[in-house]
Amino acid sequence: MRPSARIPGILAGLVLAAGGVLFAAPAATAAPTSIQDCEQYLVQHGKQVTDAVGQACYEGQIGNQTSCAASLQAAGISANVASGACRAAH
């Protein structure tokens with residue numbers, strides 16, 4: 001391949017890579033609010049937010065729905081409310 005043909009190919013690759021990074025960046029900033037969504041769901045259902053609840057919501061945020069629900073139930077939250085809160089976290 002000639003050097004003059006490589007330069008546009010390299011530039012196009014860099015533009016595509018930069019565009020992918022800029023497109024994916026907003027999704028990364030949305031993750032922390034899911035813990036707040038979980039906690040807010042529990043407050044709306046008359047539950048107090050404790051350290052155990054925060055940890056359970058974190059487990060839900062990282063995708064461990066089973067552990068999230070079990071931890072919330074161990075903290076005295078009903079199964080239905082725990083399930084809804086864990087869904088809000090994810």
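Preceding this paragraph is the structure being described.
Residues numbered from 1 in each chain as written. Predicted model: local features only at pLDDT ≥ 70, side-chain atom pairs only at ≥ 80, totals over all residues. Heavy atoms only, no water.

### Here's the deal with the side chain of Ser-34
Phase 1 of the analysis: Within the secondary structure layout, Ser-34 lies in helix α2 (residues 33–44).
Phase 2 of the analysis: Judged by its relative accessible area of 9%, Ser-34 is buried.
Phase 3 of the analysis: Ignoring any residue separated from it by four or fewer positions in sequence, one finds Ser-34 in contact with Gln-61, Ala-88 and Ala-89. (Helix = DSSP H or I, 4+ residues; strand = E, 2+ residues; numbered from the N terminus. Buried < 20%, exposed > 50% of the residue type's maximum accessible area, 1.4 Å probe, protein only. Contact = heavy atoms within 4.5 Å.)

### Focus: the side chain of Glu-59
Phase 1 of the analysis: Residue position: Glu-59 is located in helix α3 (residues 51–61).
Phase 2 of the analysis: Of the side chains with opposite charge, Arg-87 lies nearest to the buried Glu-59, which makes no salt bridge, at 15 Å. (Lys, Arg positive; Asp, Glu negative; His and termini not counted. Salt bridge = Lys/Arg side-chain N within 4 Å of Asp/Glu carboxyl O.)

### Comments concerning the packing of helix α4 (residues 65–74) against helix α5 (residues 79–89)
Phase 1 of the analysis: Where α4 contacts α5, the two axes come as close as 9 Å, and the packing angle between them is 135 degrees. The angle between α4 and α5 falls in the class oblique. Of the two elements, α4 crosses α5, and the hand of that crossing is right-handed. Side by side, α4 and α5 meet where Gln-65, Cys-68, Ala-69, Leu-72 and Gln-73 of the first sit next to Ala-79, Ala-82, Ala-85, Cys-86 and Arg-87 of the second. (Axes fitted to C-alpha atoms, helices over the stretch in contact; angles between N-to-C directions. Parallel < 35°, antiparallel > 145°, perpendicular 65-115°, else oblique. Left-handed = near helix turned anticlockwise from the far one by under 90°.)

### Digging into the state of the cysteines
When the sulfur atoms of two cysteines share a covalent bond, that bond is a disulfide.
Phase 1 of the analysis: Overall, the coordinates contain 2 disulfides when judged by the stated rule.
Phase 2 of the analysis: Disulfide pairing is shown between Cys-38 and Cys-57; the S-S distance is 2.0 Å. Across the S-S bond of Cys-38 and Cys-57 the torsion is about -65 degrees, and the bridge reads as left-handed. With Cys-38 in helix α2 and Cys-57 in helix α3, this pair connects stretches of sequence that are 19 residues apart.
Phase 3 of the analysis: Residue Cys-38 is classed as buried on the basis of its relative accessible area, which comes to 0%. (Disulfide = S-S within 2.5 Å.)

### Some details on α5
Phase 1 of the analysis: Residues of α5 that are buried: Val-81, Ala-82, Gly-84, Ala-85, Cys-86 and Ala-89.
Phase 2 of the analysis: Buried residues belonging to α5 abut α2, α3 and α4.

### Thoughts on α3
Phase 1 of the analysis: Along α3, the residues that are buried comprise Val-53, Gly-54, Ala-56, Cys-57, Glu-59 and Gly-60.
Phase 2 of the analysis: Just past α3, the residue Gly-63 takes up positive phi, approximately 100 degrees.

### What about the packing of α2 against α3?
Phase 1 of the analysis: At their nearest, the axes of α2 and α3 sit 9 Å apart, and the two run at 130 degrees to each other. Comparing the axis directions of α2 and α3 gives the class oblique. As α2 runs across α3, the sense of the crossing is right-handed. Contact residues: Ser-34, Ile-35, Cys-38, Glu-39 and Leu-42 in α2; Val-53, Gly-54, Cys-57, Tyr-58 and Gln-61 in α3.
Phase 2 of the analysis: Residue classes in the contact of α2 with α3 are distributed as 6 nonpolar, 3 polar and 1 charged. (Nonpolar A, V, L, I, M, F, W, Y, C, P; charged D, E, K, R; others polar.)

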